Amino acid sequence: MRDQEALTEQSGEADTGAPRRAPTPPGPVPEHGPVWSPNVSGGLLSRYYLPRRHGVVQGNACQLLRDGVEAYPAMLEAIRGARRYVRMETYMFVSDAVGELFGEALAAAAERGVHVKVLYDAVGSWTSRRSFFAGLRARGVDIRAFKPFSLSRGLRHLLRRDHRKILVVDGEVAFTGGVNISAHWAPAEMGAAWRDDVLRIEGPAVHELERCFSATWRMMFQGRFHRLTRRLERLRNPPPRRGAVGLVVLSSRRSIHRAYLHAIRRARRSVLVAAAYFIPDRRMVMALREAARRGVEVHLLLNARSDHPILEFMARAFYERLLSAGVRIFEWQRGVLHAKTAVVDGVWGTIGSFNLERLSLAFNHEVNAVFADRRLGQQLEDSFRGDCGDCREVTLAEFRRRPLWQKLLERALSLLRKII
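Residues numbered from 1 in each chain as written. Predicted model: local features only at pLDDT ≥ 70, side-chain atom pairs only at ≥ 80, totals over all residues. Heavy atoms only, no water.

**Q** Help me out: how do you make sense of the confidence of the model for the chain in this one?
**A** Detail in the predicted coordinates should be disregarded across regions flagged by low pLDDT. Chain-level pLDDT for the chain is 86 on average; 84% of the residues reach the 70-or-more range. Across residues 1-26, confidence stays below pLDDT 50; counting only partners more than four residues off in sequence or on other chains, it has 46 contacts. (pLDDT = per-residue confidence, 0-100. Contact = heavy atoms within 4.5 Å.)

Structural data, given as structure tokens:
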């Protein structure tokens, strides 16, 4: 409580509980001045926006990468410059042009003596050719599938997938976000490439992402002895500080969900959420509605045309409750939105693989990087604001005029939200 009061004083704003501004008029997402005084340290911001039990890893340098056009070259450059080892974990590793490009970089690294481990999800990569993975193994890449098809192990085995996207090189640089290895994210001439975000990280948080990879690999293929040796190696070679960003790497589905709720409930000015698949639970809907009603600008960037069309109607089943509370909803028109990012007050932010829907919350292996940093938060907010300029805003009056068949379909599909 004292921390919150101290932060309120330093920010120069009093929290009266009343709305802070008049309703926002229709139009693009407006720009605002900073919420916090420059005198408020990153450590205090972390204590305000992040739950106490989340240990913040200080001293990181981070770079926001948009789409495959920025993420893929940076990832390939890191792999081609690897000296000791490469660790990659991805949901989709598709044997298309992009997959071949990454496969060649990984195989070339293995052939020059780099220890390369790759873990891909068997369901997410089911369209890939077996010969593609066999060719990588023949060239020295230790590439394995996460939970191959096995109906004999039951439905839960099939549902619990590895949805993480992690690349770690030499313990020095790491990438995480929503981008898989597939041509869906490659630059497209007509601007139809999937919209996504990736965070490039240097510093101590790299080892936290490597730990997530090692935990999944160990769970599938190795015992506890390997875990002990990796811990001893990290103690002998502590990672150097590279920047000023404090990060929390969250690999627990519940902890990622709690981090979202905690930040939204503490929002003072704005909550901006980009969600590829939006089927929120009751607590998330309540948190968003309450934030909007107390004067916080709440904006959702959602898909107009999803790669899973059924999810479009399921998401729209929540629109009226949110719009009626003052939440603004923007639908992405240029291809498919695949980003799973959020930024609160231009300070708190998260980038990762976690979707605001049932599978991510109940089954999948996920990972998100969560931060409290002014510079990075402002970059993420600027990116969100620019995206909204390419969207169509959904208004409450317009939404209520939708055809009856859509209303009935949304109502029917909303009954399935707890199992999809």
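**Q** I keep staring at the packing of aromatic side chains and nothing clicks. Help me out?
**A** Centre distance and the angle of the planes are the two values used to describe a pair of aromatic rings. Here the structure, examined in full by the defined rule, presents 15 aromatic pairs. Ring centres 6.1 Å apart and planes at 90° place the aromatic pair Trp36 and Tyr49 in the edge-to-face group. Of this pair, Trp36 sits in the loop between α1 (2-11) and α2 (42-49) while Tyr49 is found in helix α2, placing the two residues 13 residues apart along the sequence. On the basis of relative accessible area, Trp36 is assigned to the buried category, the value being 3%. Ring plane angle 45° and centroid distance 5.3 Å describe the contact between Tyr319 and Phe399, whose orientation is recorded as tilted. Of the two residues, Tyr319 sits in helix α12 (residues 319-324) while Phe399 sits in helix α15 (residues 396-400), which places them 80 residues apart along the sequence. Assigned by exposure class, Tyr319 and Phe399 land together as buried. Members of the aromatic cluster, each reached through a chain of ring pairs, are Phe93, Tyr120, Phe132 and Phe133. (Phe/Tyr/Trp six-rings, centres within 6.5 Å; stacked < 30°, edge-to-face > 60°. Helix = DSSP H or I, 4+ residues; strand = E, 2+ residues; numbered from the N terminus. Buried < 20%, exposed > 50% of the residue type's maximum accessible area, 1.4 Å probe, protein only.)

**Q** What exactly am I supposed to notice about unusual backbone geometry here?
**A** Peptide bonds are trans in most cases, and residues, glycine excluded, mostly fall at negative phi. Its identity as a non-glycine residue notwithstanding, Asp67 has a phi of 65°, on the positive side. Structurally, Asp67 is set in helix α3 (residues 67-80).

**Q** Mind showing me how you'd approach the pattern of salt bridges here?
**A** Opposite charge on two side chains makes pairing possible when the charged atoms of those side chains draw close. Applying the stated rule across the entire model yields 25 salt bridges. Of the charged contacts, one joins Arg211 and Glu208 as a salt bridge, the two residues approaching to 3.4 Å between their closest N and O atoms. Within this pair, Arg211 and its partner Glu208 are both found in helix α7 (residues 205-221), separated by three residues, close to a single helical turn. With a relative accessible area of 26%, Glu208 lands in the partly exposed category. The partner of Arg328 in a salt bridge is Glu393, and the shortest N-O contact between them spans 2.8 Å. A residue pair is termed long-range when its members are at least 10 positions apart, and Arg328 in strand β11 (residues 328-332) and Glu393 in strand β15 (residues 391-394) qualify at 65 residues. A residue is classified by how much of its surface remains accessible, and Glu393, at 22% relative accessible area, is partly exposed. (Salt bridge = Lys/Arg side-chain N within 4 Å of Asp/Glu carboxyl O.)

**Q** Before we go on, may I ask you to explain the packing of helix α9 (residues 253-265) against helix α10 (residues 282-293) in this structure?
**A** For any two helices packed against each other, the geometry is given by the interaxial angle and the distance between the axes. As a packed pair, α9 and α10 sit with axes 9 Å apart at the nearest point and diverge in direction by 15°. In terms of their interaxial angle, α9 and α10 are classed as roughly parallel. The hand of the α9/α10 crossing is left-handed. Residues Arg254, His257, Tyr260, Leu261, Ile264 and Arg265 of α9 pack against Arg283, Met284, Ala287, Leu288 and Ala291 of α10. (Axes fitted to C-alpha atoms, helices over the stretch in contact; angles between N-to-C directions. Parallel < 35°, antiparallel > 145°, perpendicular 65-115°, else oblique. Left-handed = near helix turned anticlockwise from the far one by under 90°.)

**Q** Any chance you could explain the layout of surface pockets here in plain terms?
**A** One number sums up the size of the largest pocket: a volume of about 640 Å³. In this structure, the largest pocket is lined by 25 residues; those nearest its centre are Tyr91, His163, Tyr277, His308 and Leu359. Put simply, the parts of the chain that give the lining of the largest pocket at least two residues each are α6 (155-159) and α11 (309-316). Partitioning the lining of the largest pocket into residue classes produces 14 nonpolar, eight polar and three charged. (1 Å grid on protein atoms, 1.4 Å probe; cavity = no way out; pocket = protein on both sides within 12 Å on 5 of 7 lines; lining within 4 Å. Points joined across faces, edges and corners; volume = space filled by probe spheres on them. Nonpolar A, V, L, I, M, F, W, Y, C, P; charged D, E, K, R; others polar.)

**Q** In this structure, what is going on with the side chain of Arg87? I would like to understand it.
**A** Take Arg87: it is sitting in strand β2 (residues 85-90). Buried and without a salt bridge, Arg87 has Glu210 as its closest oppositely charged side chain, separated by 5.0 Å. A distance of 3.0 Å separates a polar side-chain atom of Arg87 from the backbone oxygen of His115. Setting aside chain neighbours within four positions, we find Arg87 in contact with His115, Val116, Lys117, Ile166, Leu167, Val168 and Phe213. (Lys, Arg positive; Asp, Glu negative; His and termini not counted. Polar contact = N/O pair within 3.5 Å; in protein donor to acceptor, adjacent residues only side chain to side chain.)

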